[in-house]
Amino acid sequence: MKPLFSIVVTGSSTNSARVIRSTSISSSTITTTTTTTAYVLRYYSPTHINSLLNAACETQDIRYATQIHAQIITNNYTSFAFLLNNLLNTYAKCGHLHRTLLTFSHTHNDAKNIITWTSLITQFSRRHKSFQALSLFNQMRTTGILPNHFTFSAILSACAHTSILAHGQQIHSLIHKHGFITDIFVASAIIDMYAKCSNVDSAKTAFDEMPHRNIVSWNAMVVGFSQNKAHEQAIGLFMEVIKDKWVIPDEVSFSSVLSSCADMGCLDLGRQVHTLVVKHGLLLRPYVKNSLVDMYSKSGCFGDAIGLFKTMAATDVVTWNVMAMGWAQNDCFEEACNYFWIMRGEGISPDEASFSTALYASASLAALDQGTAIHDQIVKTGFMGNTCVQSSLITMYAKCGSLFAAHRVFKEIEERNVVCWTAMITAYQQHGRGDQVIELFEEMLAQGIKPDHITFVSVLSACSHTGRVEQGFGYFNSMSFVHGMKPGPEHYACIVDMLGRAGQLNEAKRFIESMPVKPDPSVWGALLGACRNHGDLEMGKQVAETLFEVEPSNPGNYVLLANIYMRHGRLEEANEIRRLMGVNGVRKEPGCSWIEIKNTTYVFKVHDRSHSQTDHIYKMLSKLAELVKEKGYVAEYQYAVNDAEEFKEKSLWYHSEKLALAFGLLTLPMGAPIRIKKNLRTCGDCHTVMKYVSDIFQREIIVRDVNRFHRFVGGFCSCGDYW
DNA sequence: AGTATGTCAG
């Protein structure tokens with residue numbers, strides 16, 4: 001193939017001994033040939049240079065772009081705007097944005113036309129450098145060049161990415177002023193911008209005002225609804241697309257609506273969309289396939305998701321992520337981790353979601369080794385600077401019990417967003433460090449980071465935990481009055497819990513009655529928990545009645561009420577509650593605890609006798625019983641709800657966490673901390689025993705239950721007896 | 001000579 005471009009050389013180029021390297025570019029490939037020392041200037045026409053740039057662009061190699069840049073300068077073509085534009089694009093596509101910007105700023109403004117400015121803004125906007133894009137837009141306006149529909153479309157997408165409504169609104173009015181509002185590209189970008197700024201109403205207005213729409217405009221609106229969790233509206237709009245004979249849904253339409261079906265867990269609709277996908281022949285499109293797998297996985301039909309996955313000839317990183325998350329959501333955390341490694345074996349590069357999911361699975365297993373292995377992969381693949389990954393790392397380390405490692409990750413984050421701060425705050429909260437929660441939260445506010453709903457859950461729980469009733473109310477009120485947020489049921493539940501813990505049961509009840517929204521079962525649940533803790537039978541009965549109506553299948557409510565009856569010695573009523581559970585078909589999830597010793601995980605259920613060292617374990621338990629009784633332990637029968645009277649004390653002693661504790665004491669070397677994990681909340685009696693044991697044996701015991709950590713040292717627990 | 005919407009994750 002005849003080269004389009006070569007750097008030719010004087011002297012004896014035939015003499016291979018003196019040869020170094022030079023380059024020739026053909027229209028499709030660039031090959032290296034040999035040459036000697038001195039370059040000679042050659043004449044190339046501007047169009048020729050332009051086609052060379054196109055070829056260089058395909059290789060994405062900055063070196064070729066640089067050589068052609070040199071030719072532009074030596075041929076004195078620097079005032080040719082179209083060459084400049086192509087050069088800037090080539091640099092950008094080679095991934096050298098700084099070179100793009102450097103070249104741009106070294107060029108006289110006269111040589112720049114609207115395309116130069118717009119393509120630069122587009123490049124920055126695409127690469128999520130939104131503020132630089134906005135700043136370029138402002139610079140452009142000072143030079144007197146007028147933006148066109150291309151420019152507006154690009155700058156709107158930058159605004160969308162910042163999620164700062166004010167920027168987008170200003171651009172919107174400029175668009176009106178310059179008369180581009182009817183442009184279909186611009187209008188779609190406006191919808192997208194408003195939706196991304198969580199302003200669905202404005203997006204809908206912009207959509208309704210469009211004189212003409214194409215499938216992209218419809219999709220933008222469907223996506224806007226979907227991403228703002230207005231799923232019914234998203235689906236409604238999608239139906240209109242299906243009915244409208246002038247627009248044909250494409251893969252974007254399907255993947256977006258499936259995302260809504262998935263989020264709602266709406267299987268029927270999902271299946272209908274599936275058949276529509278087949279009808280439109282879009283089943284093999286990557287986005288659609290992945291959305292379908294995700295929909296089945298989230299709608300409780302993980303089997304169908306696996307089936308679909310197995311028939312897929314081509315998978316990508318998202319397919320694997322969706323599947324891994326599916327396993328995790330079905331409590332198969334080992335399998336979720338496996339999928340990460342299988343995907344690596346298949347040669348697919350992980351992305352931030354892969355890491356988040358793998359870390360989530362490791363955290364759920366409290367498998368520090370697994371989490372650390374993923375951390376290694378993060379470092380190797382260059383994801384350590386990714387805030388999403390960093391936040392997941394914090395959570396993983398915290399849930400694996402290493403608050404220190406979690407904080408180390410936190411410290412090293414350069415630009416912390418809400419998620420990072422919240423991850424660290426929640427970590428402290430789970431470890432019972434209420435003071436540090438408040439401290440960190442105040443620091444976050446001082447740095448101007450806006451807290452979100454999740455942040456407040458942790459902060460309010462910490463207030464509850466540390467008895468900061470007034471401060472808790474202060475933060476709760478600040479949600480509406482300072483941050484313009486609407487408290488959700490989880491926040492009301494925190495406040496009820498806080499009042500209940502402080503013994504202010506009547507205030508808690510009044511608080512619920514004054515709620516502007518209908519109290520969620522979790523709110524009543526918090527009050528019932530408080531009644532249990534303070535032994536308030538009358539209120540407990542009332543609250544339980546309410547709960548049995550709205551949430552008849554939650555075993556926790558029955559257990560709490562039975563606990564209260566037991567505490568009052570009302571055994572018959574407690575048994576009656578147990579019977580009611582049977583009648584309503586409610587079963588308490590069996591408690592199980594596990595302990596890791598030398599890379600092996602040992603799982604214990606209540607009364608478990610399957611372990612080979614069972615005799616030793618049960619002997620150890622009787623010995624423990626004697627020791628703690630000497631120290632003043634009294635069995636707390638209220639936690640032995642499910643057992644016949646004469647076995648109550650025995651059965652308390654055979655709770656899974658006590659079995660794991662005995663096994664740990666027998667097996668682990670002297671002085672090594674005992675780390676136990678439990679699938680439910682820690683039982684109150686076990687909690688008491690752990691405190692005694694930590695003192696008697698001078699051993700650190702760490703129990704991670706479903707909600708938080710309990711670190712027992714010298715007879716005290718880090719949770720301050722609150723859980 | 002440069003334009004828009006999209007699946008997963010925290």
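Predicted model only: the values in this text are computed from it and were never measured. (Residues numbered from 1 in each chain as written. Chains lettered and ligands numbered in written order. Predicted model: local features only at pLDDT ≥ 70, side-chain atom pairs only at ≥ 80, totals over all residues. Heavy atoms only, no water.)

Topic: unusual backbone geometry
Convention followed: Helical segments are the DSSP runs of H or I of at least four residues, strand segments are the runs of E of at least two, and each set is numbered from the N terminus. Whether a residue is buried, partly exposed or exposed follows from its accessible area with a 1.4 Å probe, protein chains only, as a fraction of its type maximum: under 20%, in between, or over 50%, in that order.
With a phi angle near 60°, Ser163 is a residue other than glycine that sits in the positive phi range. Position of Ser163 among the secondary structure elements: in the loop between helix 7 (149–162) and helix 8 (165–178). Relative accessible area serves as the criterion here: at 42%, Ser163 is assigned to the partly exposed category. The backbone of Ala366 sits at a positive phi, close to 55°, despite the residue not being glycine. Checked against the element boundaries, Ala366 lands in the loop between helix 19 (352–365) and helix 20 (368–380). With relative accessibility at 6%, the residue Ala366 sits in the buried group.

Some thoughts on the UniProt feature "repeat: PPR" (unreviewed entry) in chain A
The criterion, for reference: UniProt positions are given in the numbering used here, feature names are shortened, and annotations may be inferred rather than shown by experiment.
Listed under "repeat: PPR" (unreviewed entry) in the UniProt record, and renumbered for this structure, are residues 113–147, 183–217, 316–350 and 417–451. Between the C-alpha atoms that bound residues 316–350 the distance is 10 Å, and the span itself is 74% helix and 0% strand. Counted over residues 417–451, helix gives 74% and strand 0%. Its end C-alpha atoms are 9 Å apart.

Some words on the packing of aromatic side chains
Which entries qualify depends on this criterion: Here a pair means two rings of Phe, Tyr or Trp (six-membered ring of Trp) with centres within 6.5 Å. Their orientation is stacked below 30 degrees between planes, edge-to-face above 60, and tilted elsewhere.
Under the criterion given, the structure shown has 29 aromatic pairs. The interplanar angle of 70° and the centroid separation of 5.5 Å between the aromatic rings of Phe238 and Phe254 together place this pair among those described as edge-to-face. Residue Phe238 is found in helix 12 (residues 231–243), and its partner Phe254 is found in helix 13 (residues 251–264); the two are separated by 16 residues along the sequence. Residue Phe254 is classed as buried on the basis of its relative accessible area, which comes to 0%.

Some thoughts on the domain arrangement of chain A
Keep this limit in mind: Boundary definitions for the domains trace back to an automatic or database domain assignment.
On domain assignment, one finds that chain A holds domain 1 (315–415), domain 2 (417–583) and domain 3 (592–717). Between the C-alpha centres of domain 2 and domain 3 there is a distance of 27 Å.

Overview of the protein's contact with DNA strand B
So the rule is basically this: By convention in these notes, a residue is near a molecule or strand provided one of its non-hydrogen atoms lies within 4 Å of it. Between N or O atoms, a polar contact is any pair within 3.5 Å; within protein, one atom must be a potential hydrogen donor and the other a potential acceptor, and residues adjacent in sequence are included only when both atoms are from side chains. Amino acid classes used here: Ala, Val, Leu, Ile, Met, Phe, Trp, Tyr, Cys and Pro are nonpolar; Asp, Glu, Lys and Arg are charged; the rest, including Gly, are polar.
In the vicinity of DNA strand B, 36 residues are found, and the nearest of them are Arg126, Glu251, Tyr287, Asn321 and Glu352. The sugar-phosphate share of atoms of DNA strand B within 4 Å of the protein amounts to 38%. At 3.4 Å, a side-chain N or O of Thr118 approaches a base nitrogen of DNA strand B. Looking at the surface near DNA strand B, the elements that each hand over two or more residues are helix 5 (114–126), helix 7, helix 9 (184–196), helix 11 (215–227), helix 13, helix 15 (286–298), helix 17 (317–329) and helix 19. In terms of residue count, the dominant contributor to the surface near DNA strand B is helix 15 (five residues). Broken down by class, the residue content of the surface near DNA strand B amounts to twelve nonpolar, 16 polar and eight charged.

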